[in-house]
Amino acid sequence: MDKARCYTVMPGPRPLPILGNSWRFALGWKPWRTKRLDLTLWCLRSLAGAGGAAKVAKLFGHPDLVFPFCAEETARIYRREDAMPHRAAAPCLKHYKQELRKDFFGDEPGLIGIHGEPWSRFRSKVSKALIAPEAARAAVPELDYVANDFVIR
C-alpha cells in the first residue's frame, strides 16, 4: 500500500461525451465473443503500468470500476472480502452455463460469474475440497492431459 494512488489521479481511458466508457464493454448480440473486451483489458493493463491499477469511470447504470493488475494487491482484496462478495457477471459465462451447457451445469451456479447468496451457498459446499492440497494433487493428471491436448491442437 506504500505505492497507493488517489482515485482521482488513477489512470484510465477518457470517457466519450454522452456515451462515457460503456461502449468499451458493449458485447453486442453474441456476448461470448470477447475480442473487443480483451482489447479493452489489454489497454487498461498498459495504462496501469507494472503492478498498478486502472479505473474505468462513467459507465451507464454501473459504478466506476477499478482493475488491479498486481497479483499481491488482488490477493489482499480477496482476503478483505466479506462472506458474500459482489462481482460483475460475465455475459459470455452466463450464456455458456445456462444455455450452451445447461446439461452439464444444471442449476449449480459455480463460483465464477455469480455473487451474493448463491455464491456463498455454493462456496460453502466446495470450500473444503478447494483448500485441501490433496484435491490439487488429484487433479494434476487430468489437467496435464487437457493442457497437452490443448498444446497439440
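Along every chain, residues carry numbers that run from 1 in the direction the sequence is written. Totals for whole chains, interfaces and linings use every residue, but because this is a predicted model, local features are given only for residues with pLDDT of at least 70 and side-chain atom pairs only at 80 or more, for both listing and counting. With hydrogens and water stripped out, all remaining heavy atoms of the structure feed into the side-chain values.

Enquirer: How would you sum up the overall build of the protein chain? Please name residues and give values.
Expert: A tally of helices and strands in the protein chain yields six helices and two strands. The numbering of helices and of strands both runs from the N terminus, where a helix is a DSSP run of H or I of at least 4 residues and a strand a run of E of at least 2. Going residue by residue from the N terminus, the α and β elements of the protein chain occur as α-β-β-α-α-α-α-α. Here the C-alpha coordinates of the protein chain stretch approximately 50 × 40 × 40 Å along the principal axes. Across the 153 residues that make up the protein chain, the buried fraction comes to 20%. Only the protein chains shown count as cover for residues, with accessible areas throughout obtained via the Shrake-Rupley method and a probe of 1.4 Å. In the structure as shown, the protein chain presents an accessible area of about 12,000 Å², 64% of it carried by carbon and sulfur atoms. Buried, partly exposed and exposed residues are distinguished by accessible area as a fraction of the type maximum, computed with a 1.4 Å probe on protein chains only: under 20%, between the cut-offs, and over 50%, respectively.

Enquirer: Could you give me a rundown of the side chain of K55, with the residues and numbers involved?
Expert: Secondary-structure assignment places K55 in strand β1 (residues 53-56). Charge counting follows a simple rule: Lys and Arg are positive, Asp and Glu are negative, and His as well as the terminal groups are ignored. Throughout this description, the term salt bridge denotes a Lys or Arg side-chain nitrogen within 4 Å of a carboxyl oxygen of Asp or Glu. With no salt bridge to any partner, buried K55 finds its closest opposite charge in D64, at an N-O distance of 6.4 Å. Here a polar contact is recorded for every N or O atom pair within 3.5 Å, except that within protein the pair must consist of a potential hydrogen donor and a potential acceptor, and residues adjacent in sequence are included only if both atoms are side-chain atoms. Here Y7 takes part through its backbone oxygen, which lies 3.0 Å from a polar atom of the side chain of K55. Not counting residues within four places of it along the chain, the set of residues in contact with K55 comprises Y7, T8, M10, P11, G12, P13, L44, L65 and V66. What makes two residues a contact is simply this: any of their non-hydrogen atoms within 4.5 Å.

Enquirer: Give me helix α5 (residues 117-131): which residues, what numbers.
Expert: Along its 15 residues, α5 runs 20 Å from first to last C-alpha, staying within 8% of the 21 Å computed at 1.5 Å per residue. If you look at α5, its biggest bend is around 45 degrees, right at K125. Working rule for helices: expected span equals 1.5 Å times residues minus one. To get the bend at a residue, fit one axis to the 7 residues ending there and another to the 7 starting there, then take the angle between the axes.

Enquirer: Help me get a handle on the pattern of salt bridges, residues and values and all.
Expert: Scanning the entire structure with this criterion turns up five salt bridges. Note that R121 is salt-bridged to E117, the shortest N-O span being 3.6 Å. Here E117 and R121 lie together in helix α5, a separation of four residues that amounts to about one turn. Judged by relative accessible area, which is 46%, R121 ranks as partly exposed. Judged by its relative accessible area of 42%, E117 is partly exposed. D149 is the salt-bridge partner of R153, the closest N and O atoms lying 3.0 Å from each other. Residue R153 is classed as exposed on the basis of its relative accessible area, which comes to 77%. Residues joined by salt bridges that share partners form a network here, namely E73, R76 and R80.

Enquirer: Could you give an account of the environment of P118, with specific residues and numbers?
Expert: Along the polypeptide, P118 turns up in helix α5. The exposure class assigned to P118 is partly exposed, which follows from its relative accessible area of 33%. A C-alpha to C-alpha distance of 8.7 Å links P118 and M84, two positions 34 residues apart in sequence.

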